[in-house]
Structure formats: C-alpha cells, structure tokens
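# Examining the three-dimensional arrangement
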Amino acid sequence: MGTKLYIQNLAPTIDAWELESWFTVVGDVASVSVSTLEKPSGNLRVGYVEMATPEQAADGIDRFNGKSSNGLTLIVREDKVHVPSVLAPAKSNRSAAFKRKGNA
C-alpha cells in the first residue's frame, strides 16, 4: 500500500486526470480522486493522490505544497487516518488503570 496525499485549494477546473498528470512527474500514482466539500463559507475542492512509495509522496509534497494553481495556493500534506474520539479510549482512564496496577 502506498502513501496517500491530501491536496486542498484545488480550482473548480481541476479534475482527477489533471491532478494525476501533476503527480506522475514525481513517481507512480496508484489512485486519484477529486471531490467538493460543501462548507458554510463556500465549497472547498480537494483531491487525494496515493503515491506508490513514501519517498515519492514526500517528493510530491515538496514539489506542490505552497505552489499556486489558478490563483489558489495549494496545500499538500500526507492524509492521516483519524480515529474518532468516541472510539479512542480516554487517556485519563488508561493512566489511572496503569497507576492502580503499578501500585498493587
């Protein structure tokens, strides 16, 4: 499995084919998708590009993060999977359980 990148501030004219063509200059692209997120302040166009290796993903970040495209400054970063807080155990419970066990 490769490393997935998150690209923010895409112009409405950028599609998956164009986004893929940008990133093929830094390596092998495993997958690409572009979507529009509806926000109260306006629509946000984002893309996801999965690069074959972490090194290629890092090259993509270096090459495109902060670059201008159609008057918009691109934000490119690694896409991290987030665990919802309701599924993650509370830190205070874990440390309290550890302290009780250590003191017993």
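Note that this is a predicted model, so its numbers are computed, not measured.

Let's shift gears to the confidence of the model for the protein. Averaged over every residue, the pLDDT of the protein is 83; the share at 70 or more is 77%. The spread of mean pLDDT over the elements of the protein runs between helix α3 (residues 91–103), the lowest at 47, and helix α2 (residues 54–64), the highest at 97.

Before going further, it helps to examine the environment of Trp17. Looking at the secondary structure, you find Trp17 in helix α1 (residues 16–23). Remark: the alpha-carbon pair of Trp17 and Ser33, spanning 16 residues in sequence, is separated by 8.9 Å.

Next up on the list: α2. Listing the buried residues of α2 in full gives Gln56, Ala57, Gly60 and Phe64. Around the axis of α2, the buried residues are gathered within 105° of arc, so they sit on the same side. Those residues of α2 that are exposed and aimed more than 90 degrees away from the buried face are Pro54, Glu55 and Asp62. Residues of α2 that are buried make contact with β1 (3–8), α1, β3 (42–51) and β6 (75–78). Just downstream of α2, Gly66 is the residue with a positive phi angle, here 85°.

In total, this model carries three aromatic pairs according to the counting rule given. Between Trp22 and Phe64, the aromatic rings sit 6.1 Å apart at their centres with planes inclined by 25°, giving stacked as the arrangement. With a gap of 42 residues between them, Trp22 in helix α1 and Phe64 in helix α2 connect regions that are remote in the sequence. The two residues Trp22 and Phe64 agree in class, both being buried. With a centroid separation of 4.6 Å and 45° between ring planes, the pair formed by Phe23 and Phe64 is classed as tilted. Of this pair, Phe23 sits in helix α1 while Phe64 sits in helix α2, and the two are 41 residues apart along the sequence. Residue Phe23 is classed as buried on the basis of its relative accessible area of 1%. Aromatic rings pair up to connect Trp22, Phe23 and Phe64 into one cluster.

Definitions and limits used
- Residues numbered from 1 in each chain as written.
- Predicted model: local features only at pLDDT ≥ 70, side-chain atom pairs only at ≥ 80, totals over all residues.
- Heavy atoms only, no water.
- pLDDT = per-residue confidence, 0-100.
- Helix = DSSP H or I, 4+ residues; strand = E, 2+ residues; numbered from the N terminus.
- Buried < 20%, exposed > 50% of the residue type's maximum accessible area, 1.4 Å probe, protein only.
- Arc of directions from axis to C-beta.
- Contact = heavy atoms within 4.5 Å.
- Phe/Tyr/Trp six-rings, centres within 6.5 Å; stacked < 30°, edge-to-face > 60°.

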